[in-house]
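Below, each chain spelled out in residue letters.
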Amino acid sequence: MRPVFDTDVFIRYRDFITDDDIRRMALSVVVLFELTATTTSPADLKHYENLKRQYEKDKLLLVPTLSDWWECARAISRVRHGQKLASHGRTPRDPKAQRLQNDALIARTAQVSDCYVVTANVKDFRRLKPHLKFWLVSSEEYFR
Amino acid sequence: MGIEIVGWYISQLEDGMTNNKLTRRSKDESKKKLGKKTYTERERARIDATRKVLLTLEKREKAQQRKAA
């Protein structure tokens, strides 16, 4: 089983990531999107392009399919339905809906590819756990 | 005759010592080799690409900190 690092792991734990971790890990295209979309420098963009090429070559780039998108939409809908019940019928205003979508896609593609998610933000992923099956490891535990 | 035998024995001892030294050295070297991870060309390329990205992130964070300060 390969680890899939969430975006925050790349940022917070970059000094702890070893060559062996990189050799073993798979890369989610959603993580690559989050990393790439937040850059403005053309030089950085080139680095991300190179990263994409390398993982694509080794077939370790996890790309969500139509069914992955569908399952994620269903899972998020269930999360929001749960919130609605908890708030006595009021429609939840989730400012993190986009973030939840990305987390769900990372989790779903990891599960389908027999990988586990390593994240520093366990709280958000835990909300998805009842509706989406995947293996979750906190970055604290992973880099201990 | 006796001196010859002693001489032969000493040379054997010396050989043994050097041999031991050699084996000891080679053992150490093999340990070092075991400690070093070997990666395939593709893995190395992937590692290099990721390392560059990690460095990029480090630079970006430092620039953000500088802006904030």
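Look up: the structure comes first, before these words.
Here is a short report on the structure shown in this document. The structure presented is a predicted model; accordingly, all values stated were derived computationally and were not measured.

**Details of the overall build of chain A**
Along the backbone of chain A there are eight helices and five strands. Listing the helices and strands of chain A from first to last along the sequence gives β-α-α-β-α-α-β-α-α-β-α-β-α. Within chain A, the proportion of its 144 residues that are buried is 31%. Restricting the contact set of chain A to residue pairs at least 6 apart, pairs at least 24 apart contribute 65%.

**Quick word on the sheet that holds strand S4 (residues 115-119) of chain A**
Residue and element names in this part refer to chain A. Reading across the sheet, the three strands line up as S1-S4-S5 and stay open at both edges, with parallel pairing between neighbours. Edge positions in the open sheet fall to strand S1 (2-5) and strand S5 (135-138), since each of these has one partner strand only. Neighbour to neighbour, the strand axes of the sheet diverge by 35 degrees on average, direction disregarded. Across four bridges, S4 lies against S5 in parallel orientation. Bridging across to S5, tyrosine 116 finds its partner in tryptophan 135.

**A word on the interface of chain B and chain A**
Chain B puts 15 residues into the contact, and the matching count from chain A is 18 residues. Residue composition of the side of chain B that touches chain A, by class: seven nonpolar, two polar and six charged.

**A look at unusual backbone geometry**
Outside of glycine, negative phi angles account for most residues, and trans bonds account for most peptide bonds. All names here are of chain A. Residues other than glycine seldom take positive phi values, yet lysine 59 does so here, at roughly 55 degrees. Looking at the secondary structure, you find lysine 59 in the loop between helix H4 (42-57) and strand S3 (61-62). Assessed through the 9 C-beta atoms surrounding it within 10 Å, lysine 59 is described here as exposed. Even without being a glycine, aspartate 114 presents a positive backbone phi close to 60 degrees. Assignment of secondary structure puts aspartate 114 in the loop between helix H6 (97-112) and S4.

Calculation criteria
- Residues numbered from 1 in each chain as written.
- Chains lettered and ligands numbered in written order.
- Predicted model: local features only at pLDDT ≥ 70, side-chain atom pairs only at ≥ 80, totals over all residues.
- Helix = DSSP H or I, 4+ residues; strand = E, 2+ residues; numbered from the N terminus.
- Buried ≥ 20, exposed ≤ 12 C-beta atoms within 10 Å, placed from the backbone.
- Contact = placed C-beta atoms within 7 Å.
- Pairing = 2+ DSSP bridges.
- Axes fitted to C-alpha atoms, helices over the stretch in contact; angles between N-to-C directions.
- Nonpolar A, V, L, I, M, F, W, Y, C, P; charged D, E, K, R; others polar.

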